[in-house]
Amino acid sequence: MFPTNHKTVFVLDHTPYFGISSENPIDFDVAKSRGPGYVPLPAVCKSLWTCSVEAAVEYCRIVWDLFPEGKLVRFVVSDFAAHILNTWAISQQNFTHLLNGLCLVGPVRRGAGGDVVGLCAAIEALGEPTGVQAARPPDSLFQNRGRILCITSARDDDSIRSLIDIAVNTLVQQNQKASEPQPTPVDGNNTQTLAIHYCHLIVINVTPEKTDSRVTNQPLTEMAGGLMGVEVIVCRASLLAGLLGRLVLPHYRLAITTVTGIPMKEEQNATSSANYDVEIIHSAEAHAGLRAAQTAAEATESVVLRWWTPRGAEGGAGGCHGPLWRVTPADAASRPSACLVNFLLNGRSVTLELPSKKGGGRSASHVLAAQGGELWIGALGGRSPHDDPPALSEGAGGRVTDYRIKEFGALMHQNKLYPGRGAGANTRARARLQRHTTYWPLTISSTLIFNMGSVMEPLTRLVVQESLTDEEVEQCRAVLMSLLAMEARHDLPAPHLPAAARGKSSGRREEQWRQVWSEAEALVRAHAVTPAHRALLRALQVTRTHNNGDGDSRATVIKATTDSPLSPVSGGSDVWAPRSALDALLGAPRPHRRPDFAGRMAAGNRPATLYSHLQNDEQH
């Protein structure tokens, strides 16, 4: 119900040590013209206190931009006392209240103190209920979890270990206090103390740029029987903002998207433009379609999406029918980020696409838009509606293939599925689809009869019908007689083929006619389910057997066709059948046309030896 990121407490060390320089110089001299006698301004350095405040405030900006509700952050400044800057109240979860509290605290002053009192106050703050927790019924059970980020500077590992021991003891005492009877609220003030079921403590040890630290990094370690997980991170002051920018991602399940290729006008020359990149932060769920299983390492990496020239203000977030997630720039102070934010707030929307691979098309993946004064990102879930659909004729790698596209469209039109009535409607539909796809060549180059046009009409059109009349059977027989006449005149079927198939079917005349007759028999056999169809099949077989009046010669041709590598075994018939639509749909591999070599079968996994008898010293 309440995850660990529901409550987050920052403990900022305000001791005199944090008033020293970070030793990271910043060039403050911005003068463009330097005349004679000009004295350049010296570089300035931020203090450790300034670096820690800026980093913590930037962490809060990301959280509050993306989670207006449900994710609460408190600040405790620790020196000689614990200065609590805000509470869990929603009215105090904003920059105005936070910055006012920091102003009241003021700069680092000399004096005694440390981070212990602040850390103890942070653990007590986790025991205070938030507004949502206090509104639950008294008898309801829930897990009270939270996170503490303590920014301090210790001398060595022993000091860090002592600080952690104090935090663990304070947590145990807090839970003992919560187990005692609670006082009755007075004047509506809730003084209830909650037990802390888990506390994630991150101790960030900050050092100046040129100072060596004797504190070492420590991975997440469970303590106090699993009540507290402790993690120690050593960081330079100049890198503190980047560290917290990375930690906020796994803490709140966020991800970074780099919008690349953003066209922007140059300040120096308004007539020219350049492309910039802007990093935006949002929920990791927006990358669900790009990363099926996101690892911890991938969570800190940025997904690169390319800017697509916007199509006007009519799109917006309303054009995305999927879920939307809030967006905030990773660097709100940069000029490219400010330009992108202003562009979106003016009512424009941006389509983002995956970087196109070589030879590939454009694929829109997300849309950026502003709605209600906030920035949103939405996943399109595939191609955008205005993308050109992929062409069927484009095969893998962009190669143009010779698929029978128009014929496939006609096949789908003939086999539309409608809600059927009566028993056996589904069985009849499946049987019809199987008949139509048992022999249906996928490509132009794999068939002859379907490329011969009017020569095979009306056989190819009538044979696919559910039933045939006597007149239609005679029309099909007339087509067979026409084929016989063409073969007797030694005509070639190849001149009737399109250019795509003519080069692959330019064999001898006998081979072409052998393929024509084999395809015709395969087509008729696939639809031979009625007496009329079976009569047509018998007529076709008789015609093939007695062709040219030479039965023995024709039988030899039939056997040669059957033994062809292009011909599968089909119950003794010589049906020539390339890979059909049914094979592609079912994905069934073709059976072996011929038995494997006996020597290879006998050898098993070992190499087969040819002519093994030559090794025998025998006398013949």
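Residues numbered from 1 in each chain as written. Predicted model: local features only at pLDDT ≥ 70, side-chain atom pairs only at ≥ 80, totals over all residues. Heavy atoms only, no water.

Per an unreviewed UniProt entry, the protein carries the name Protein asunder and comes from Danaus chrysippus. Its UniProt record, at the heading Sequence similarities (unreviewed entry), says of the protein: "Belongs to the Integrator subunit 13 family." As its UniProt record puts it under Subunit (unreviewed entry), the protein is described as follows: "Belongs to the multiprotein complex Integrator, at least composed of IntS1, IntS2, IntS3, IntS4, omd/IntS5, IntS6, defl/IntS7, IntS8, IntS9, IntS10, IntS11, IntS12, asun/IntS13, IntS14 and IntS15. The core complex associates with protein phosphatase 2A subunits mts/PP2A and Pp2A-29B, to form the Integrator-PP2A (INTAC) complex." (UniProt positions renumbered as here; feature names shortened; annotations may be inferred.)

Caption draft 1: Structural detail: the confidence of the model for the protein. Taken as a whole, the protein shows an average pLDDT of 79; of its residues, 75% reach a score of 70 or greater. This stretch, residues 383-387, has a pLDDT under 50; its non-local contacts, to residues over four places away or in other chains, come to 11 contacts. Counted against residues more than four places away or in other chains, residues 550-576, with its pLDDT under 50, gives 44 contacts. (pLDDT = per-residue confidence, 0-100. Contact = heavy atoms within 4.5 Å.)

Caption draft 2: Just the pairing of strand S9 (residues 228-236), in detail. As judged from the 9 bridges shared by strand S7 (residues 198-207) and S9, these two strands associate in the parallel manner. Residue pairing in the sheet places Ile204 in a bridge with Ile233 of S9. Across 4 bridges, strand S8 (residues 218-223) lies against S9 in antiparallel orientation. Within S9, the position partnered with Met223 by the bridge is Met228. (Pairing = 2+ DSSP bridges. Helix = DSSP H or I, 4+ residues; strand = E, 2+ residues; numbered from the N terminus.)

Caption draft 3: The packing of aromatic side chains, seen in detail. Evaluated as defined, the whole model comprises 9 aromatic pairs. Geometrically, the ring pair formed by Trp307 and Phe343 is tilted, given 5.6 Å between the ring centres and 55° between the ring planes. Within this pair, whereas Trp307 is found in strand S12 (residues 302-308), its partner Phe343 is found in helix H8 (residues 335-345), the two being separated by 36 residues in sequence. For Trp307, a relative accessible area of 10% translates into the label buried. Measuring from ring centre to ring centre gives 5.9 Å for Phe408 and Trp440, while their planes differ by 65°; the resulting arrangement is edge-to-face. Taken together, the positions of Phe408 in helix H9 (residues 405-414) and Trp440 in the loop between helix H10 (425-438) and helix H11 (459-462) put the pair 32 residues apart, joining distant regions of the chain. Chaining the aromatic ring pairs together yields one cluster made of Phe10, Tyr59, Phe67, Phe75 and Tyr252. For Lys71, the ring lying beneath its charged end belongs to Phe67, and the centroid distance is 5.8 Å. One residue, Arg404, lies across the ring of Phe450, its end atom 4.5 Å from the ring centre. (Phe/Tyr/Trp six-rings, centres within 6.5 Å; stacked < 30°, edge-to-face > 60°. Buried < 20%, exposed > 50% of the residue type's maximum accessible area, 1.4 Å probe, protein only. Lys NZ or Arg CZ within 6 Å of the ring centre and 35° of its normal.)

Caption draft 4: View of unusual backbone geometry. Going from Glu457 to Pro458, the amide bond is cis rather than trans, its omega being 0°. Following the sequence through the fold, Pro458 ends up in the loop between H10 and H11. Positioned with a positive phi, Glu23 is a non-glycine residue whose angle comes to about 60°. Mapped onto the elements of the fold, Glu23 is located in strand S2 (residues 21-26). Among the residues examined, Glu23 registers a relative accessible area of 27% and is labelled partly exposed. Residue His490 is not a glycine yet carries a positive backbone phi of 60°. By secondary structure assignment, the location of His490 is in the loop between helix H12 (470-488) and helix H13 (499-502). Owing to a relative accessible area of 51%, His490 belongs among the exposed residues under this scheme.

Caption draft 5: Layout of a nonpolar patch on the surface. The grouping of Ile26, Phe28, Tyr38, Leu41 and Val44 at the surface amounts to a nonpolar patch, some 440 Å² of accessible area in total. The residue Phe28 is located in the loop between S2 and strand S3 (44-47) in this model. (Patch = residues over 30% accessible without salt bridge, like charges linked within 9 Å, V, L, I, M, F, W, Y side chains within 5 Å. Areas by Shrake-Rupley, 256 points an atom, 1.4 Å probe, with all protein chains shown as cover. Salt bridge = Lys/Arg side-chain N within 4 Å of Asp/Glu carboxyl O.)

Caption draft 6: Representation of the packing of H12 against helix H14 (residues 509-526). H14 packs onto H12 with a crossing angle of 175° between their chain directions and a minimal axis gap of 12 Å. Here H14 runs roughly antiparallel to H12, going by the angle between their axes. Between H12 and H14, the contacting residues are Leu480, Leu483, Leu484, Met486 and Glu487 on the first element and Arg509, Trp513, Val516 and Trp517 on the second. Here the contact of H12 with H14 is composed, by residue class, of 7 nonpolar, no polar and 2 charged. (Axes fitted to C-alpha atoms, helices over the stretch in contact; angles between N-to-C directions. Parallel < 35°, antiparallel > 145°, perpendicular 65-115°, else oblique. Nonpolar A, V, L, I, M, F, W, Y, C, P; charged D, E, K, R; others polar.)

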